[in-house]
Amino acid sequence: CIRDSLSPAAPPPAAPPQPPLPPPRRTAGRFLGWLRSNAVHVVAAASLALAGIFLVQYGIERGLIPPGLRVLAALALGAALIGSGEWIRRRWGDAPESPAAYLPSTFSGAGIVSMAAGIVAARGLYGLIGPGQAFAGLVAVSALAILLGWLHGPLLAAVGLVGAAAAPFIVGGSSQDIGWLYGYFALLAAVGLSVDTLRRWAWVSVLATVLAAGGGYLAFTAGAPAAGLMALLAGLVPMTVAIPARGLVPDHAGPSLAEARLSHGAAGRTSFPVRLAAVTAAAAAAAIVLLPAPDPGTTMVALLLLAGLAVLLALWTIRAPGIADIAAFPAAGFLAVLLNEGWNAGPLWRDWSGSAIVLRPPETAPPATAGVIVALAACVTLAAAWRSFADARLRLPFATAAAVFAPAALVVLETLWAPSLVLGPYPWALHAAALAALMTLLAERFARADGPDRRRAAHATLSALSLIALALMLVLSAAALTVALAVLVVVAAALDRAFRLPEMGWFIQAGVLALGYRLTVDPGLAWAVDAPVGQVVLAFGGAVAGMVAARATLAPLDRRAPAVILESGAAGAAALLANVLLMRAISSALGDDATASHWSFGLNAVPWLVVMLVQLWRDRQAGIMRIVRRLVAIGAALLGGGFLAAAVTLGNPLSGGLFGDDRVLGPPVLDTLAAAYALPGLLLAAAAWRLPGLGRVLRPFLAAAGAALLLLYAGLQIRRFWRGDDLSVPGVTQPELYTYTVALLVLGGLLLYQALARRSVTLRRLAMAVIALTVAKVFLIDVSGLSGLTRVFSFLALGLSLAGLAWLNRWAAGRQEGEAAPADPEGQA
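### Here's the deal with the overall build of the protein chain
Here is step 1 of the chain: In terms of regular secondary structure, the protein chain is built from 32 helices and zero strands.
Here is step 2 of the chain: Per-residue burial over the protein chain gives 46% buried out of 829 residues.
Here is step 3 of the chain: When contacts within the protein chain are restricted to residue pairs at least 6 apart in sequence, those whose partners lie at least 24 apart make up 72%.
Here is step 4 of the chain: Entry remark: accessible area of the protein chain is about 38,700 Å², with carbon and sulfur atoms responsible for 69%.

What follows is the structure, given as structure tokens:
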């Protein structure tokens, strides 16, 4: 049945060409101007109407006449006023130029109010008639008002509507059941809209709709049930769609409000029926969302009404391009109710949470709340899918809505309602799997109907993949889920390659981000440190293998953004795996107490530095993700920089470590100093050397940070050579000082050699700065500890070294100047 219902429907017959839209009517301004000119008639009508109402009230206060006669007196007064108005109209007319202008409307309108007040009193005050009889009487009075409005003009319609809306509140009473007033105000709206559809008085429709909604709200504040007000507001939407259009099948001509805003820059080009229906749908959905629900049943009523409205408007407006987009208002309201309930702990959410597995008695079935909500969302998705098949003009927007709506509702439930705690992970995962099957069916139907244009199928496929990922997330273990997400990324790449679906790139990028989140945060590195090594290798290795396979699958296609994401993600995951394995090996050999040591801080910095560099690599691609990538890079840089700062300061072995004893472990060179300082230093230096797109500020900064860490590593290695594993022993020996001097000289020489090899003036100046620092160290620090022949040979070696380096510097400078001479445009050095 679903398959047949989703088959492409025959296109609707072409609508006859619509005449050009007239300029927008300033109905509000015209009404206010008329009101200023005819205020006397309005006051007279109100006075006459109040006379009939107060006649009933007087009888109540004095007890002069029995209830039945009070009602009959109000009805008789109303009939007399209507008869007087009709006699005046027939005798002198009701045209604006007549001497009796607006008097017939004044008398007849007051009579309509008086008769309505009598019927309301008979039902609400005295209980003389039942609900059916009361509504029959009100229907008769309403029909009379429509007839008189057709004969007399808009004043009578306005007076009748306002008076009928005010009558229940003016008469008052002590009835405990006032929910029937919602039906009364719905009938009032229908009357006003019917008058407008006959005489085309647009402001009468607005007045009737506002009075009905306002009267319903006043009834709600007086104690009427909230569900009834929600039903009234929802009912106003189809009434404002159908009645002004004079047909059960809407045929509102375009443009719609959205099209007018996008194409013409203003909504004034739309017709009044389009604006009325759109504004009513938006206001009704917003009011249902904001209306406080006193119990779970009322919230469920709100969800049912909003989903029903969304389905009705999606299916019903197939021949009305002007209001084709108003189904979005109740659909958005449905999601807003779910969000509001979960975020603010509403009554339905509290009832749902109170049924958690740990709180229910044994062998007790969970409530069906989540299943009903998912079913309602699926109905909206199916309605949008049917509209996509039947409406060629809006096929893609409705297909996108079909692919997004139900998964969005599921995500809201998973995020704020925690269904797994009530249903259990597996039953809740079956809900996601069922929706995934529905999306797969839609993708197949879209692909069969569309031919080479597979955008609709791509959107449904993306939705199905996302739902499968959610279902897997609910039932799989940490390692298995990571591998499953990697497999889904490969599947998305394969679908793109097989069917040329560029939209799969969105899922691939989201999948790589999800994999990165799982590898670093949840379950993240903390899980990787303690979990069995096989599961760790499976999770990290599976992620790397999946991203590499997806990149290879996309190789024949021009998919730049997914390619960069996959390459950088695979490199980052591989680096994280290597770091985790290294940290586990050291922890296994040295124990868990080493987690606050210098090498632990350094190793903890490496993953975040890798994440930062990966995001900087991804930043080459423009798009909306660029800001997100930069924020992620900044956050990773702060975390990595914090760990490095701890390794250099609090965890520095020179200070004895954070907890007093932080000895250097391992063989020389490849020891814990290498893990703490050399590894992150080499990573930053390599990134500054080879990573593209860093900019003029970031590249020197990374190079300087890497060089500083490498220099610290070299200095600490020298100290360990002379002082042993405990670097916090006070004092510096003379051989250690002299070794630092030799190391600085060697560094200066190497920099000078590189300056010559690279013909770099900057490196040559840096080399000379290092040599100058060496000279200052010798004369200010080293000389105080030298004596005898040691002093002689030390300064002799220093002088010869400096002389050789000075000659090399001058020779390099002369060569660079000579090579720069031919670049002169005149051929002169």
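### Examining the environment of proline 452
Here is step 1 of the chain: By the secondary structure assignment, proline 452 is in the loop between α19 (425-450) and α20 (455-475).
Here is step 2 of the chain: The spatial distance from the C-alpha of proline 452 to the C-alpha of arginine 500 is 9.3 Å, given a sequence separation of 48 residues.

### Regarding the pattern of salt bridges
Here is step 1 of the chain: Here the structure, examined in full by the defined rule, presents eleven salt bridges.
Here is step 2 of the chain: Note that arginine 448 is salt-bridged to glutamate 444, the shortest N-O span being 2.8 Å. Here arginine 448 pairs with glutamate 444, and both are found in helix α19, just four residues apart, close to one helical turn.
Here is step 3 of the chain: Here arginine 551 ties to glutamate 567 by a salt bridge, and the two come within 2.8 Å at their closest N and O atoms. With arginine 551 in helix α24 (residues 533-553) and glutamate 567 in helix α25 (residues 560-590), this residue pair connects regions lying 16 residues apart in the sequence.
Here is step 4 of the chain: On the accessibility criterion, arginine 551 (27% relative accessible area) is partly exposed.

### A word on the confidence of the model for the protein chain
In regions of low pLDDT, the predicted coordinates are not meant to be interpreted in detail.
Here is step 1 of the chain: Looking at the protein chain as a whole, its pLDDT mean stands at 78, while 75% of the residues score no less than 70.
Here is step 2 of the chain: Low pLDDT, under 50, characterises residues 1-28; the predicted model gives this stretch 34 contacts beyond four residues in sequence or across chains.

### Observations regarding the side chain of serine 256
Here is step 1 of the chain: Within the secondary structure, serine 256 is located in the loop between α10 (226-242) and α11 (257-264).
Here is step 2 of the chain: At 3.4 Å, the side chain of serine 256 forms a polar contact with the side chain of aspartate 325.
Here is step 3 of the chain: Excluding anything up to four places from it in sequence, serine 256 contacts Thr270, Val274, Pro321, Gly322 and Asp325.

### Examining helix α22 (residues 504-520)
Here is step 1 of the chain: Look at α22: 24 Å from first C-alpha to last across 17 residues, which is about the 24 Å you get at 1.5 Å a residue.
Here is step 2 of the chain: Residues of α22 that are buried include every one of Met504, Gly505, Phe507, Ile508, Gln509, Gly511, Val512, Leu515, Arg518, Leu519 and Thr520, and no others.

### Some words on the packing of α22 against α24
Here is step 1 of the chain: Where α22 contacts α24, the axes come no closer than 11 Å and their chain directions differ by 160 degrees. Here α22 lies roughly antiparallel to α24, going by the angle between them. You can see that α22 and α24 cross each other, and the crossing is left-handed. Side by side, α22 and α24 meet where Val512, Leu515 and Leu519 of the first sit next to Ala539, Phe540, Ala543 and Met547 of the second.

### Examining the packing of aromatic side chains
Here is step 1 of the chain: Taken as a whole, this structure holds five aromatic pairs when the rule is applied.
Here is step 2 of the chain: Where tyrosine 184 meets phenylalanine 185, the ring centres are 5.4 Å apart and the plane angle is 70 degrees; that geometry is what we call edge-to-face.
Here is step 3 of the chain: Ring centres 5.2 Å apart and planes at 85 degrees place the aromatic pair phenylalanine 721 and tryptophan 722 in the edge-to-face group.
Here is step 4 of the chain: The cationic tip of arginine 456 hangs over the ring face of phenylalanine 389; the distance from NZ or CZ to the ring centre is 5.2 Å.

### Concerning helix α28 (residues 672-690)
Here is step 1 of the chain: The first and last C-alpha atoms of α28 sit 26 Å apart over 19 residues, in line with the 27 Å expected at 1.5 Å per residue.
Here is step 2 of the chain: Maximum bend of α28: about 35 degrees, positioned at alanine 678, with proline proline 680 one to four residues after it.
Here is step 3 of the chain: All of the buried residues in α28 are Thr672, Leu673, Ala674, Ala675, Ala676, Tyr677, Ala678, Pro680, Gly681, Leu684, Ala687 and Ala688.

### Examining unusual backbone geometry
For residues besides glycine, phi is generally negative; the peptide bonds are generally trans as well.
Here is step 1 of the chain: For the bond running from aspartate 522 to proline 523, omega is 0 degrees, close enough to zero to count as cis.
Here is step 2 of the chain: Along the chain, proline 523 turns up in the loop between α22 and α23 (524-530).
Here is step 3 of the chain: Although it is not a glycine, alanine 418 adopts a positive phi angle of roughly 50 degrees.
Here is step 4 of the chain: Position of alanine 418 among the secondary structure elements: in the loop between α17 (395-417) and α18 (420-423).

### Focus: the side chain of threonine 381
Here is step 1 of the chain: If you trace the backbone, threonine 381 turns up in helix α16 (residues 369-390).
Here is step 2 of the chain: In this structure threonine 381 comes out as buried when scored by relative accessible area, which is 0%.
Here is step 3 of the chain: Of the polar contacts made by the side chain of threonine 381, one reaches the backbone oxygen of alanine 402; its length is 3.2 Å.
Here is step 4 of the chain: What threonine 381 contacts, discounting residues up to four positions off in sequence, is Ala402, Phe405, Ala406, Leu438, Met439 and Leu442.

### Regarding the environment of isoleucine 565
Here is step 1 of the chain: Residue placement: isoleucine 565 occurs in helix α25.
Here is step 2 of the chain: For the pair isoleucine 565 and glutamine 615, spaced 50 residues apart in the sequence, the C-alpha separation amounts to 9.1 Å.

### Quick word on the packing of helix α9 (residues 202-221) against α10
Here is step 1 of the chain: Close contact between α9 and α10 brings their axes to 9 Å; oriented N to C, the two are set at 175 degrees. Overall, the two elements α9 and α10 adopt an arrangement that is roughly antiparallel. Contacts from Thr209, Ala212, Ala213, Gly216, Tyr217 and Phe220 of α9 reach α10 at Ala226, Leu229, Leu232, Leu233, Leu236 and Thr240.

### What to know about a nonpolar patch on the surface
Here is step 1 of the chain: Together, Tyr426, Leu430, Val475 and Leu476 make up an exposed nonpolar region whose accessible area comes to about 370 Å².
Here is step 2 of the chain: As for its placement among the helices and strands, leucine 430 is situated in helix α19.
Here is step 3 of the chain: For leucine 430, a relative accessible area of 42% translates into the label partly exposed.

### So, the nonpolar core
Here is step 1 of the chain: Membership of the largest hydrophobic core comes to 123 residues, with the highest contact counts inside it found for Leu303, Phe334 and Leu338.
Here is step 2 of the chain: Leave out the neighbours within four places in its chain, and leucine 303 touches Phe334, Val337, Leu338, Leu348, Ile373 and Leu376.
Here is step 3 of the chain: By size, the runner-up hydrophobic cluster in this structure holds 39 residues, among which are Leu462, Ile508, Trp527 and Leu576.

### What about the environment of proline 250?
Here is step 1 of the chain: Within the secondary structure, proline 250 sits in the loop between α10 and α11.
Here is step 2 of the chain: C-alpha of proline 250 to C-alpha of glycine 322: the two residues are 72 residues apart in sequence and 9.5 Å apart in space.
Here is step 3 of the chain: Residues contacting proline 250, with those up to four places away along its chain left out, are Val241, Trp316, Arg319, Ala320 and Ile323.

About the thresholds
Per chain, residue numbering runs from 1 following the sequence as it is written. Given that the model is predicted, a residue must reach a pLDDT of at least 70 before its local features are reported, and side-chain atom pairs must reach 80 or more before they are shown or counted; all residues, however, enter totals for whole chains, interfaces and linings. Working from all heavy atoms in the structure, the side-chain values ignore hydrogens and water. Secondary structure elements follow DSSP: runs of H or I of four or more residues count as helices, runs of E of two or more count as strands, with numbering from the N terminus. We call a residue buried when its accessible area falls under 20% of the maximum for its residue type, exposed when it is over 50%, and partly exposed in between, using a 1.4 Å probe and counting protein chains only. Whether two residues are in contact is decided by their heavy atoms, any of which lying within 4.5 Å being enough. The Shrake-Rupley method, run with a 1.4 Å probe sphere, supplies the accessible areas, and residue values consider only the shown protein chains as cover. Salt bridges, as used here, are contacts in which a Lys or Arg side-chain nitrogen is within 4 Å of a carboxyl oxygen on Asp or Glu. Think of pLDDT as the predictor's per-residue confidence, scored from 0 to 100. Here a polar contact means two N or O atoms within 3.5 Å. Within protein one must be a hydrogen donor candidate and the other an acceptor candidate, and residues neighboring in sequence count only if both atoms are side-chain atoms. The span you would expect from a helix comes to 1.5 Å times its residue count less one. Structural elements are reduced to axes, namely lines fitted to C-alpha atoms, with helices fitted over the stretch in contact, and the angle between N-to-C directions of any two is expressed from 0 to 180 degrees. If an angle is under 35 degrees, it is roughly parallel; if it is over 145, roughly antiparallel; if it lies from 65 to 115, roughly perpendicular; otherwise it is oblique. Left-handed describes a crossing whose near helix is turned anticlockwise from the far helix by less than a right angle; the clockwise case is right-handed. Each Phe, Tyr or Trp ring (for Trp, its six-membered ring) is paired with any other whose centre lies within 6.5 Å, and the angle between the two planes then decides the class: stacked below 30 degrees, edge-to-face above 60, tilted in between. Remark: a charge is flagged as sitting over a ring if the NZ atom of Lys or the CZ atom of Arg is within 6 Å of the ring centre and within 35 degrees of the ring normal. To get the bend at a residue, fit one axis to the 7 residues ending there and another to the 7 starting there, then take the angle between the axes. Excluding any residue in a salt bridge, patches collect residues exceeding 30% relative accessible area, merging like charges within 9 Å and nonpolar Val, Leu, Ile, Met, Phe, Trp and Tyr side chains within 5 Å. The definition of a nonpolar core used throughout is a set of buried Ala, Val, Leu, Ile, Met, Phe, Trp, Tyr and Cys residues joined through side-chain atoms within 4.5 Å.

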